[in-house]
Amino acid sequence: MSAQGAIKVRNKVSDLQSKLSHAAKQSLDRKFGALYDKIYREDVIWEAWKRVRANKGGPGVDEQDFKYIEENIGVEQFLKGIREELKSESYRAEPVLRCYIDKPGKSEKRPLGIPIIKDRVCQMAGKLVMEPLFEANFLECSHGFRPGRSAHDAIRVIDRKITFKGQRIVIDADIAGFFDTIRQDILMKLVKRRISDPRVLRLIRMWLEAGVMEEGKYSEGNGLGTPQGGVISPLLSNIYLHSFDKMFKMSGIPGTLVRYADDFVILLRRDGKKVVREVERMLGRLGLKLHPKKTRVVRAEDGFDFLGVHFQRCPVRIKNAKARNYCALWPSDRSMTRIKGRIKEVIGRRYSLSLEELIEELNPVLRGWDNYQRKAMSARKRVRKLNGYVRDRLRIFLKRKYSDQSRGTRRVHNGVAVRLGIYQFG
């Protein structure tokens with residue numbers, strides 16, 4: 001598809017979403033009964049492919065990756081087949097491929113379910129059509145995986161509430177095994193509050209009940225969970241936890257809930273332990289539990305981590321300042337561990353690469369992490385220490401590459417890496 005054609009497709013899909021959003025906002029309890037034909041619209045399927053392709057990712061159980069589809073099937077033919085399957089209602093979801101990834105700063109692994117690319121495109125098409133309907137109902141406290149909202153919005157809310165509203169008691173909460181314990185029967189009831197089209201509901205059930213393939217063995221669904229890694233999962237998790245958001249708002253608890261997907265904190269002036277009991281009761285209605293070891297009540301003066309940032313209430317040291325305290329922010333220990341691990345992984349033992357080539361691959365990683373922390377307004381003192389870490393890793397790389405018997409310091413002296421364009425944390 002040409003660039004001009006891609007722009008037209010994006011505009012048509014955007015117009016469709018605007019119309020659906022407007023209709024949903026006109027009546028917050030309206031049920032939509034004619035959505036399925038919109039999911040297999042040609043422009044929606046093309047836009048879904050573009051987004052899935054941009055997200056990259058590996059193949060699912062069918063072992064077909066993007067390169068195989070583009071070179072052996074052809075994108076147009078591939079998408080035409082998807083449209084025909086959806087239109088004729090012959091489409092069937094394949095099991096997700098189970099794999100495990102490291103949790104940053106932890107020894108445990110996070111399970112992921114990777115759908116095949118065809119299922120990812122179908123899920124993305126469904127998301128494009130369904131998301132505007134539920135967005136009309138979602139509350140301000142929800143920030144994760146929503147259009148026009150970000151982790152930085154959540155960070156700014158926490159900063160303001162601690163600095164200006166005196167909410168110094170923090171419930172740092174963790175839902176135990178959230179993606180594995182979502183009750184699918186409750187989830188479908190919540191989806192039906194907005195969608196009555198039986199074909200769309202059948203699609204969602206199909207994705208939920210697709211099962212898992214792990215090490216060549218197929219496991220059927222047990223009525224619990226949504227695959228963490230599926231395109232549709234973030235929207236479904238927000239639909240599920242929207243009920244918790246509403247319960248918290250209606251409870252009258254004098255505090256601020258800040259939620260990003262299944263992670264959340266609650267900021268209060270007092271009664272932290274009492275509110276924890278209330279939150280446990282609310283989550284219990286959804287079949288969820290707080291993790292007893294990972295959920296804690298802390299004072300803002302002692303600090304806490306959320307979304308890769310450490311928050312801590314500190315005294316203002318400027319004389320005659322209007323405010324006595326402020327919320328200081330800096331990268332959390334886990335975030336620092338994660339970026340150091342990523343730096344080490346990119347450099348690795350790739351001795352066939354020149355220093356210039358290595359720097360070219362390393363820079364996007366450094367810049368991306370730093371841009372996130374800059375936007376979060378993190379203190380720069382700790383961030384700048386990473387310059388020394390990067391320099392040291394490059395020194396070790398060059399020492400091993402050239403079998404240098406010395407410490408290799410001379411190979412990075414006089415700012416060689418800086419002159420070659422290595423990204424600097426300022």
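One can find the structure itself at the top, above this paragraph.
Residues numbered from 1 in each chain as written. Predicted model: local features only at pLDDT ≥ 70, side-chain atom pairs only at ≥ 80, totals over all residues. Heavy atoms only, no water.

A. Representation of the environment of Ile 232 within the structure. Looking at the secondary structure, you find Ile 232 in the loop between strand S5 (217-219) and helix H11 (233-251). With relative accessibility at 3%, the residue Ile 232 sits in the buried group. Spatially, the C-alpha atom of Ile 232 lies 31 Å from that of Arg 277, the residues being 45 residues apart in sequence. When neighbours within four sequence positions are excluded, Ile 232 is seen to be in contact with Gln 123, Gly 126, Lys 127, Met 130 and Trp 207. (Helix = DSSP H or I, 4+ residues; strand = E, 2+ residues; numbered from the N terminus. Buried < 20%, exposed > 50% of the residue type's maximum accessible area, 1.4 Å probe, protein only. Contact = heavy atoms within 4.5 Å.)

B. Spatial organisation of unusual backbone geometry. The phi dihedral of Glu 89 is positive, around 60°, even though this residue is not glycine. In this fold, Glu 89 is placed in the loop between helix H5 (75-88) and strand S1 (96-102). A positive phi is found at Met 377, a non-glycine position, where the angle reads about 65°. With respect to the helices, strands and loops of the structure, Met 377 is situated in the loop between helix H14 (355-375) and helix H15 (380-384). Judged by relative accessible area, Met 377 falls into the exposed class, the value being 66%.

C. Spotlight on helix H7 (residues 151-164). If you check H7, its first and last C-alpha atoms are 20 Å apart, about what 14 residues at 1.5 Å a residue would give, namely 20 Å. Among the residues of H7, Ala 151, His 152, Ala 154, Ile 155, Val 157, Ile 158, Ile 162 and Thr 163 are the ones counted as buried. Positive phi shows up at Gly 166, right after H7, with a value of about 65°. (Expected span 1.5 Å × (residues − 1).)

D. Quick look at the side chain of Thr 295. Along the chain, the position of Thr 295 falls in the loop between helix H12 (272-284) and strand S8 (296-299). With relative accessibility at 15%, the residue Thr 295 sits in the buried group. Here Asp 174 takes part through its backbone nitrogen, which lies 3.2 Å from a polar atom of the side chain of Thr 295. A polar side-chain atom of Thr 295 sits 3.0 Å from the main-chain carbonyl oxygen of His 291. Not counting residues within four places of it along the chain, the set of residues in contact with Thr 295 comprises Ile 171, Asp 172, Ala 173, Asp 174 and Leu 290. (Polar contact = N/O pair within 3.5 Å; in protein donor to acceptor, adjacent residues only side chain to side chain.)

E. Just the sheet that holds strand S7 (residues 263-268), in detail. The four strands are arranged S6-S7-S3-S8 in an open sheet whose pairing can be described as antiparallel. Among the strands making up the open sheet, the edge pair consists of strand S6 (256-260) and S8. Each neighbouring strand pair of the sheet contributes to a mean axis angle of 20°, computed without reference to strand direction. Here S6 pairs with S7 via five bridges, running antiparallel. Across the sheet, Tyr 260 pairs through a bridge with Asp 263, a residue of S7. (Pairing = 2+ DSSP bridges. Axes fitted to C-alpha atoms, helices over the stretch in contact; angles between N-to-C directions.)

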